[in-house]
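# A structural walkthrough
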Amino acid sequence: MATPQIFSSFKYSDSLTVVAISFCTAIICEAISWLLIYRTNSYKSLRSSIDKAAKKLETMKTESSAKIAKKSKTKKMDRVETSLKESSRDLSLFKFKSGAVVALVLFVVFGLLNSLFEGKVVAKLPFSPVRIVMKMSHRGLQGDDPTDCSMAFLYFLCSISIRTNLQKFLGFSPPRGASSGLFPMPDPKTN
């Protein structure tokens, strides 16, 4: 049996089991991230430098919009932007190290769940999804009911939403001035 005996007679037992395991996995992954990243002094200094640079850049942009932009101001803003980009890149590289450990945990849990709920409908969608989403939500299931939801799709949705909200709740979300990942958008000024 895929679920503990407590939930076995409950109508939504499989769905709740997947959600609960996703929640526990998110807590474990954030604990690993805290051990490897968030409690270190280098992370704290990088985060504070990103916050300071973002605030400084924001104030410089509000001042420059109020006054006529001078050449020295634009150079100074470019230096602050470059510093912010470098700090964000360093922060992303720093987080990348623990990403391998977190990915390993997620792969193990996904493999375990996949073996427990193989070919089993764990939820019903309240709508018929578009074709590409249906391929993901109906992965590994027999039958033609488009509202059937597989474990993989439910786990994927839960993992994304729970982990993101848990990071915000614990204060581990990226600083507001940090760029998104290792490959930020190219700067239009350099072209």
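Conventions we followed
- Residues numbered from 1 in each chain as written.
- Predicted model: local features only at pLDDT ≥ 70, side-chain atom pairs only at ≥ 80, totals over all residues.
- Heavy atoms only, no water.
- Salt bridge = Lys/Arg side-chain N within 4 Å of Asp/Glu carboxyl O.
- Helix = DSSP H or I, 4+ residues; strand = E, 2+ residues; numbered from the N terminus.
- Buried < 20%, exposed > 50% of the residue type's maximum accessible area, 1.4 Å probe, protein only.
- Contact = heavy atoms within 4.5 Å.
- Core = buried A, V, L, I, M, F, W, Y, C linked by side-chain atoms within 4.5 Å.
- Patch = residues over 30% accessible without salt bridge, like charges linked within 9 Å, V, L, I, M, F, W, Y side chains within 5 Å.
- Areas by Shrake-Rupley, 256 points an atom, 1.4 Å probe, with all protein chains shown as cover.
- Lys, Arg positive; Asp, Glu negative; His and termini not counted.
- Charge placed at Lys NZ, Arg CZ, Asp CG, Glu CD.
- UniProt positions renumbered as here; feature names shortened; annotations may be inferred.
- Phe/Tyr/Trp six-rings, centres within 6.5 Å; stacked < 30°, edge-to-face > 60°.
- Lys NZ or Arg CZ within 6 Å of the ring centre and 35° of its normal.

Next up on the list: the pattern of salt bridges. A full pass over the atoms with the stated rule returns five salt bridges. For the salt bridge of Asp14 with Lys120, the shortest nitrogen-to-oxygen distance reads 3.4 Å. Here Asp14 is found in helix H1 (residues 13-38), whereas its partner Lys120 is found in the loop between helix H3 (71-116) and strand S1 (123-124), with 106 residues between them in sequence. The class for Asp14 is buried, based on a relative accessible area of 12%. Measuring nitrogen to oxygen at the nearest pair gives 3.6 Å for the salt bridge that ties Arg89 to Asp90.

A few words on the side chain of Ser33. Position of Ser33 among the secondary structure elements: in helix H1. Residue classification places Ser33 among the buried positions, given a relative accessible area of 3%. Aside from chain neighbours lying at most four places away, what touches Ser33 is Tyr38, Ser98, Val102 and Arg163.

A few words on the nonpolar core. Counting 17 residues, the largest nonpolar core has Met151 and Leu154 as its most contacted members. Going through the elements one at a time, H1, H3 and helix H5 (151-170) are the ones with two or more residues in this core. Of the residues forming this core, the biggest block, eight residues, is contributed by H5. Leave out the neighbours within four places in its chain, and Met151 touches Val18, Phe110, Leu113, Asn114, Phe117 and Val122. The next biggest cluster of nonpolar side chains, apart from the first, holds 15 residues, and it includes Ile37, Ala54, Phe94 and Phe172.

A cluster of basic side chains, namely Lys56, Lys75, Lys76 and Arg79, defines a positive patch on the protein surface. Ranked by the residues each element gives to the positive patch, the list is headed by H3, at three residues.

Quick look at the UniProt feature "transmembrane region" (unreviewed entry) in the protein chain now. Cross-referencing UniProt, the feature "transmembrane region" (unreviewed entry) maps to residues 16-38 and 99-117 in the present numbering. Measuring from the first to the last C-alpha atom of residues 16-38 gives 30 Å, for a span that is 100% helix and 0% strand.

Moving on: the packing of aromatic side chains. If you walk through the whole model with that rule in mind, you get three aromatic pairs. With 5.1 Å between their ring centres and 75° between their planes, Tyr38 and Tyr43 make a pair best called edge-to-face. Of the residues examined, Tyr43 reaches a relative accessible area of 4% and is grouped as buried. Between Tyr38 and Phe172, the ring centres sit 4.1 Å apart and the planes meet at 15°, which makes this aromatic pair stacked. Within this pair, whereas Tyr38 is found in helix H1, its partner Phe172 is found in the segment after H5, the two being separated by 134 residues in sequence. Side by side, Tyr38 and Phe172 carry an identical accessibility label, which is buried. Three or more aromatic residues joined by ring pairs make a cluster, and in this case those are Tyr38, Tyr43 and Phe172. A cation sits over an aromatic face here: Arg39 above Trp34, 5.7 Å from the ring centre.

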